[in-house]
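# Observations on the model geometry
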Amino acid sequence: MLKIISPIMRIIEIPMLFAQRRLGIQRLAWLFLLPNLLLFGLFAFLPVFLNFAYALTGGDGILLEDRPYVGGQNFATLTDCENYLDPNSCNRDFFWRAVHNTVWFVTLQVGFMVGFSLLTALILNRDIRARGFFRSVFFFPVLLSPVVVALIWKWILQRNGLLNSTLEGIGLEGFVWLLDRGWAFAWSVFLTVWAHMGFYTLILLAGLQAIPRDVYEAALMDRASPWRTFRKITLPLLAPTMLVVLVLALIRSVQTFDEVFAFTGGGPGSATTFIIQYIYQTGFAGAPRLFGLASAASLMLALILVILTGLQLWANRRNVDG
Amino acid sequence: MKKTILTTTMLASAMLVGAGAVSAQEIRFMCSTDGNECDVIGEILDGFEAENPGVTVAVDVVPYQAILENLPVQLAAGTGPDIAKVTDLGGLHEYYLDLAPYVDRDYWQASFGDTLDWYRGGPDDDGIYGMHSQLTITGAYINRTLFDQAGIEVPPLEADWATWAEAARAVAEATDTPFPMAMDRSGHRIAGPAISYGAMLFNADGTPLLVDEGFTAYVQQFVDWHEDGTMARDVWAGQGGSTYQDAAQEFINGDLVYYYSGSWQVGRFDEQIGDFFDWQVVGSPCGTGGCTGMPGGAGIVGFEQTEHPEIVAAVIDYLAQEENYARLTAETRNIPAHIAVAEAGVEYVGASDAAAAALNAWAAQVPTISPIAFQYQGYVNNRAMFGITVERVSQAIVGELTVEQAMDRAVSDLAAVMAETQ
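The rules behind the values
Position numbers for residues start from 1 in each chain and track the written sequence from start to end. The order in which chains are written sets their letters, starting at A; the order in which ligands are written sets their numbers, starting at 1. Local features in a predicted model are, by the rule used here, given only for residues with pLDDT of at least 70; side-chain atom pairs are given and counted only at 80 or more, and totals for whole chains, interfaces and linings are based on all residues. Processing note: side-chain calculations cover all non-hydrogen atoms of the structure and skip hydrogens and water entirely. Any Lys or Arg side-chain nitrogen located within 4 Å of an Asp or Glu carboxyl oxygen qualifies as a salt bridge. Strands are runs of DSSP state E lasting at least two residues, helices are runs of H or I lasting at least four, and both sets are numbered from the N terminus onward. Categorising residues by exposure relies on relative accessible area from a 1.4 Å probe, with only protein chains included: less than 20% of the type maximum marks a residue as buried, more than 50% marks it as exposed, and the intermediate range marks it as partly exposed. Residues are treated as being in contact if the distance between any of their heavy atoms lies within 4.5 Å. The quantity reported as buried area is the accessible area (1.4 Å probe) lost by two parts once they are put together, taken as the sum for both. The charge count includes Lys and Arg as positive and Asp and Glu as negative, but it does not include His or the ends of the chains. Pairs of N or O atoms within 3.5 Å make up the polar contacts considered here, provided that, within protein, one atom can donate a hydrogen while the other can accept it, and that residues adjacent in sequence are counted only when both atoms are side-chain atoms. Among buried residues, the Ala, Val, Leu, Ile, Met, Phe, Trp, Tyr and Cys ones that are joined through side-chain atoms within 4.5 Å form a nonpolar core.

### Overview of the pattern of salt bridges
Summed over all chains, the structure comprises 15 salt bridges over all chains. Here D126(B) ties to R105(B) by a salt bridge, and the two come within 4.0 Å at their closest N and O atoms. Of this pair, D126(B) sits in the loop between α4 (105-112) and β4 (130-143) while R105(B) sits in helix α4, and the two are 21 residues apart along the sequence. Between D270(B) and R333(B) there is a salt bridge, and its shortest N-O distance comes to 3.4 Å. A residue pair is termed long-range when its members are at least 10 positions apart, and D270(B) in helix α11 (residues 266-273) and R333(B) in the loop between α13 (322-332) and α14 (339-344) qualify at 63 residues. Assessed through its relative accessible area of 16%, D270(B) is described here as buried. In the salt-bridge network here, residues are joined through shared partners; they are D93(A), R97(A), R392(B), R409(B) and D413(B).

This is the structure:
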C-alpha cells in the first residue's frame, strides 16, 4: 500500500510546497477549509441569519422581499400574556400551552431519563448473567427510527391495541390511553425515555467503569455498606459524567418533536404539543404560513438552548479544572 | 476541401440538434392521486401528444402532502411545474395562469359554471384559471346491514341531525357496535352540518365571520355528542393541531353505524367492503339552514411562471373537452363538475352496482348544496378557517376549553389571520 501512496504523495508534495511558499501555512489552511466553510455557511449560518430576518417581518409571503418589516412585533405577539402561568390569558395561547407542556415534559422526562439510566447502568455494571445481552437490549431502542418507536407504542396503546387486549384477557377493562390528556402526556414521557435511555445508560456505564476498582476494595475493607459506598464513592466520582448526561438529556428533551408528533399528533387537544411542533405548525403546516411568528418562536427556543449549552460548557470547564 | 465539408456537416448537425431542442417542448404536470386519476390523465394526454407532435406532457406523480406543502414554496420561488392538480383552489390564485385568452370562454363558462369562481381572485375577476376535475360532496354513509339487523328503519332523506343521531345510537346499542357516529377530523367536513344548523360563515359584505349562533349551536351539539358517546372520540380527540383524520377504516371494519365523510370514499368502500356488508349513501341531514354538505375536490391549473402558456392552456383545454372529461370521470369514478357530462350521465367503468348507486346518490345531492357552502369553498382563506375550526373544536371536545371559550378563540384567530393576510 505504501508503495502506491508514496509516489502519489511525492507528486502532490510539489504543488503543495509551492503553494505553501507563496501563501504561507496559515493561508493554505484557510484555503483547505474554504469548501467546508462555504457549505457550512450556506446551509447553517445563512439560514440562521435568514431566521433573524424572518422574525422581524410579517405577512404570509414566502420571499423576504414580499414581507413587510414589523420590528419586534412577532416577539411582542408571542409574549403578550396577562398571566404567563395561564395560557388562556395569552394572545397566542397555543404557544404558551406548548411552552407549559415543554417545561413539564422536560422536568419529568429528564428526571426519569437520568434516574432510570443510572439505575440501569448500575445494574448492567454488576457481574450479572448475560450482561452483554442485556446491554444490547437496553441500547436497541436507540437504533430505531422515531417514527417506528411511535408506531410501535401506538399499536400497543390504541383502543384495540396489545395493552387493552392483555388487560381484557385477564378480566380487566381496557382504557383508551391516548384519548385522555393526562395519560397521553404520561405515555409520551414514557415513550421518549424508553427510546433514548440506552444512549445515556451507555455513557453512565462508561463513567462507572472509569472509577478505579481499588477505591471500592478499600471501602469493602472498611466495611462500608453498599448504600454508603454508592453515596460516598460512586455518586461523587460519577458526578461529572452525570452532569454531561443531564445537560445532553435536557437539550434533547427541549427539542422533542418527531416521536411525539407521530405518536399523538400533539393531541388530544394540545396536551402533547411542544414548542417545536408549534413552530412547525405555525410556519409550515397551518394556513396561512406565519413564518415570522414561527421564526420568533424558534429564536426564543434557541435562546433557551444557548443557555443550556453554556451550562454544559461551564460544567465541562469546571470538570477539566478539577 | 475535406476540412470544409467536415466543418459544414458539423455545423449543420449542431443546427439540427438545436432546432430539435427548440421544437421539443416539455410540460411538467405535478399530480397527486387517491385513486387512479394521474394514470388516467396520463393516458388521455397521450392523445394530446399524438395531436401535437414535439410536445411532451410529463405527469409527475407526487404525494398529496407535496401538493399541500412543497408546491406553494416552489411557486413562490419560481421553480414550480407548468401544471398541477390542486385542492387549495383559491389559496394559490396568485400563481395561476389565466387560460381565458387561449380557450373558448363560452364553452368553459357553459361547461363549468360556478366552479370557475373557486379559482378566481374575487367577484371582479372573470378569468378562467382551472378545470375542476374532481367534484366532491361531503355527506354521510350508513352501514345498512346494521340497520337491518337492528330492525330499525333508516330515517328519510329530509331527516334532521337529531333523528339520525337517535337512530344511529339505537342501531349501535342493538347490534353492539362500538361507534354510533363519526365525522372526519376536518374543518371542511364540519362546515356543511354547521350551515345546516344556520351558520352563515360570512357577513353580508362577504367578509368572513365563521362563528355565529348557527355555527356555535352545531359545535355545542357536536361536543355534546362526543361527551355522551354518540360520536367516536377517537377521530377528533385522537390527534392534535389541525391534522386530518378520517374514520374510513372503522366504517370498513363494520365498527361504525353512521359515517359523515364524502363522495371520494366510494371507490375505497367499493373495493374494501365488498360483500362484507351493505352500505348506502344518505347525504346530509337537514336543519334550519337546509340539508347541505360542502362541495370541494380538486382541479387542474396552469401556472403563470410557465414558459409555454399556450401549450399549458391547450393541455388543460384538451382535458376539459366533453369526451375527454367524460372518460376521466368514468374511469376515475368521480362526480362530474362538467355540466354537459353530468346531464348526460356517467357510465362508471368497473364500478359495482353499490358504487354506481352511491355515485349517482352523490350526484343527486349537488342541487341541495347551499350557496354559502359554494362561497366557503371558493373563499381564498378557507384553509385557515378550516384549521381554526378543527383546533378550537378539538379543544372543546377534550375539555381544554368550553365551547364558549373555543368560539371566542376562533373569532380572535380569524381576526389574526385576516390581519396577516391583508
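### Re the interface of chain A and chain B
Counting from both sides, the interface comprises 36 residues of chain A and, opposite them, 28 residues of chain B. Interface of chain A and chain B: buried area, both sides summed, is about 2600 Å²; carbon and sulfur atoms make up 46% of it. Along the contact surface separating chain A from chain B lie 3 salt bridges. Note that D93(A) and R409(B) form a salt bridge whose closest N and O atoms lie 3.7 Å from each other.

### Some words on the side chain of R67(A)
Note that R67(A) resides in the loop between α2 (25-55) and α3 (73-78). Lacking a salt bridge, the buried R67(A) has E420(B) as its closest oppositely charged neighbour, with an N-O distance of 6.2 Å. In terms of polar contacts, R67(A) uses its side chain to reach the backbone carbonyl oxygen of G58(A), at 3.4 Å. A polar atom in the side chain of R67(A) sits 3.4 Å from the backbone oxygen of G59(A). Beyond its immediate stretch of four places on either side in the chain, R67(A) contacts Y54(A), T57(A), G58(A), G59(A), D60(A), G61(A), I62(A), F291(A) and G292(A).

### Some words on the nonpolar core
Nonpolar side chains in soluble globular proteins generally cluster together in the buried interior. Within the largest apolar cluster, 140 residues are counted, with the highest numbers of intra-cluster contacts made by W108(B), M131(B), L210(B) and Y258(B). Residues F95(A), V254(A), L299(A) and L308(A) belong to the second largest nonpolar core, which totals 49 residues.

Nothing here speaks to function; it is geometry throughout.
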